[in-house]
Amino acid sequence: MNGKQERISILGLGAMGYALAGALLGAGREVTVWNRSPGKARGLLARGAREASSAEEAIEAGDLTIACLLDDASVRETLTPVLGKLAGETLVNLTSGSARQARELAGWLGRHGARLLAGGIMAGPPTVGTADATILYSGARDLFDRAAPALDPLGRPHWVGEDPGFAAMYDMAALSGMYGMGVGAEHAVALIRAEGGDVEAFKRDVLRPWMERMLPFTVDGADPGGPVPDESNPEMQATGLENMLATSKEAGVPDELAGHLHASLWGMRRATTAR
């Protein structure tokens, strides 16, 4: 593999696949694209991409193939007829899936002479190719070291381990943290709205500054089942969480939005019992 001269093929032109191809074209890569449904490549063709008529043709055209499809089943369906073309090659799979699926895909490809570099995209399509994008990779370190220069335009490449399932695991875990923050913020806004408060002022003056200040403590202190610091008396925390849940119920906010509070209360009650 040789940096900017790398010929890269992309299987799948959903929103993310399209963004990946665009970032590579912007970096001067020679890009071939294929999509199950034709007609999605027009904008990329205008920028210099080549459209393959089949997945087999796309794989033949590239020195490195990236799959960014709907799910694990679609990856298997797409690759099954063309496994012979991947023998001796590396597939970079940026399709979202589970750690188990990544490990099984690595084994399946390995039995057919191909190697897998699994990935997890820590970015939305608009930020692919920018400094805000990180792509997690797992698999053999030598694969990562050879592929990283070619993949660098997509986002900062970050290797997380030899286990091919680790990229998916890290990706899912980080997304869990994001959704936890998101539902917490939504619950907070629902409380303010239910009581007739100024939602925008609350977001601007209270919620965002508070969450920004607390984020380092929240992440650094995350340890389910671990000890609770003395300054965070679990019995006191449990009482506070019970008050939050009571306030939410009194305001008529759906209990489904308060799942994060129930989880925290469960943890504090366990910590109290363990003392």
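Residues numbered from 1 in each chain as written. Predicted model: local features only at pLDDT ≥ 70, side-chain atom pairs only at ≥ 80, totals over all residues. Heavy atoms only, no water.

Brief notes about the overall build of the protein chain
What counts, and what does not: Under the scheme used here, helices are H or I runs from DSSP no shorter than 4 residues and strands are E runs no shorter than 2 residues, and both carry numbers assigned from the N terminus. Using a 1.4 Å probe, the Shrake-Rupley method yields the accessible areas, and only the shown protein chains count as cover for residues. Note that His is not counted, nor are the chain ends; the positive residues are Lys and Arg, and the negative ones are Asp and Glu. The atoms used to mark charge sites are NZ of Lys, CZ of Arg, CG of Asp and CD of Glu.
Counting its secondary structure elements, the protein chain contains 11 helices and eight strands. Across its three principal axes, the protein chain shows a C-alpha extent of roughly 65 × 40 × 30 Å. Carbon and sulfur atoms make up 55% of the accessible area of the protein chain, which amounts to about 14800 Å² in all. Counting 26 positive and 34 negative side-chain charges, the protein chain places the centres of these two groups 4 Å from one another.

What to know about a nonpolar patch on the surface
Formally: Patches in this entry comprise residues that are over 30% relatively accessible and not in a salt bridge; like charges within 9 Å are linked, as are nonpolar side chains (Val, Leu, Ile, Met, Phe, Trp, Tyr) within 5 Å. A side-chain nitrogen of Lys or Arg and a carboxyl oxygen of Asp or Glu constitute a salt bridge if their distance falls within 4 Å.
Together, Met 178, Tyr 179, Met 181, Leu 215 and Val 219 make up an exposed nonpolar region whose accessible area comes to about 510 Å². Going through the elements one at a time, helix H8 (166-194) and helix H9 (199-220) are the ones with two or more residues in the nonpolar patch. Element by element, the count of residues in the nonpolar patch is highest for H8, at three residues. Here Val 219 is to be found in helix H9.

Points about the confidence of the model for the protein chain
Operational definition: A score between 0 and 100, pLDDT records how confident the predictor is in each residue. Any pair of residues with heavy atoms lying within 4.5 Å of one another is described as a contacting pair.
Within the protein chain, residue pLDDT values average 94, and 97% of them lie at 70 or more. Taken together, the stretch residues 1-5 has pLDDT below 50 and engages in eight contacts with residues farther than four places along the chain or on a different chain.

Topic: the pattern of salt bridges
This is how it is decided: For each residue, the accessible area found with a 1.4 Å probe, counting protein chains only, is set against the maximum for its type, and the residue is called buried under 20%, exposed over 50%, and partly exposed in between.
Counting across every chain of the model gives 15 salt bridges. For Arg 141, the salt bridge goes to Asp 145, with nearest N and O atoms at 2.9 Å. Note that Arg 141 and Asp 145 are positioned in helix H7 (residues 141-151) at a spacing of four residues, about one turn of the helix. Here Asp 145 falls in the partly exposed class, since its relative accessible area comes to 42%. For the salt bridge of Asp 205 with Arg 204, the shortest nitrogen-to-oxygen distance reads 3.0 Å. Relative accessible area serves as the criterion here: at 54%, Arg 204 is assigned to the exposed category.

Focus: the sheet that holds strand E4 (residues 64-67)
Rules: The pairing criterion for strands is at least two bridges between them, as found by DSSP. Between N-to-C directions, angles cover 0 to 180 degrees, with each direction set by a line fitted to C-alpha atoms, over the stretch in contact for helices.
Here we have eight strands laid out as an open sheet, ordered E3-E2-E1-E4-E5-E6-E7-E8, and mixed in their pairing. Single-partner strands in this sheet number two, and they are strand E3 (50-51) and strand E8 (156-159). Note that E4 and strand E5 (residues 90-93) share three bridges and pair parallel. Bridge pairing in E5 links Ile 66 to Val 92. Across the sheet, H7 lies against strand E1 (7-11), E4, E5, strand E6 (115-122), strand E7 (134-138) and E8, angled at about 55 degrees from E6, the strand it touches most.

What about the packing of helix H10 (residues 234-251) against helix H11 (residues 259-274)?
We count it as follows: Angle categories: roughly parallel below 35 degrees, roughly antiparallel above 145, roughly perpendicular from 65 to 115, and oblique for all the rest. Note on convention: near helix rotated counterclockwise from far helix by under a right angle means a left-handed crossing. Clockwise means right-handed. For this classification, the nonpolar set comprises Ala, Val, Leu, Ile, Met, Phe, Trp, Tyr, Cys and Pro, the charged set comprises Asp, Glu, Lys and Arg, and every other residue, Gly included, is treated as polar.
The contact between H10 and H11 brings their axes to 8 Å, and the two run at 155 degrees. Regarding the angle of H10 to H11, the classification is roughly antiparallel. For the crossing formed where H10 meets H11, the hand is left-handed. The segment H10 lies against H11, with Pro 234, Glu 235, Gln 237, Ala 238, Leu 241, Glu 242, Met 244 and Leu 245 engaging Leu 261, His 262, Ser 264, Leu 265, Met 268, Arg 269, Ala 271 and Thr 272. In terms of residue class, the contact of H10 with H11 is built from nine nonpolar, four polar and three charged.

So, the packing of aromatic side chains
Selection rule: Stacked, edge-to-face and tilted labels apply to pairs of Phe, Tyr and Trp rings (six-membered ring for Trp) whose centres lie within 6.5 Å, assigned for plane angles under 30 degrees, over 60, and everything in between, in that order. The rule for a charge over a ring is simple: NZ of Lys or CZ of Arg within 6 Å of the ring centre, and within 35 degrees of the ring normal.
This model, assessed by the stated rule, comprises two aromatic pairs. Directly above the ring of Trp 108 sits Arg 76, whose terminal nitrogen or CZ lies 4.8 Å from the centroid.

Here's the deal with the nonpolar core
Definition in use: Throughout this description, the term nonpolar core refers to a set of buried Ala, Val, Leu, Ile, Met, Phe, Trp, Tyr and Cys residues connected via side-chain atoms within 4.5 Å.
Counting 35 residues, the largest nonpolar core has Leu 20, Ile 66, Leu 94, Tyr 137, Leu 151 and Leu 154 as its most contacted members. Elements with a contribution of two residues or more to this core: E1, helix H1 (15-26), strand E2 (30-34), E4, E6, E7 and H7. Per-element accounting of this core gives the leading share, seven residues, to H1. The contacts of Leu 154, once residues within four sequence positions are left out, are Leu 20, Ala 23, Leu 24, Ile 66, Leu 94, Val 128, Gly 129, Ala 133, Ile 135 and Tyr 137.

Overview of the environment of Ala 147
Here Ala 147 is to be found in helix H7. A relative accessible area of 1% places Ala 147 in the buried class. Ala 147 sits 49 residues away from Ser 98 along the chain, and the two C-alpha atoms are 22 Å apart.

Overview of the pairing of E4
Side-chain alternation along E4 places Leu 64 and Ile 66 on one buried face and Thr 65 and Ala 67 on a second face that is also buried. Relative to E4, E1 runs parallel, the two being bridged by four bridges. Bridging across to E4, Ile 10 finds its partner in Ile 66.

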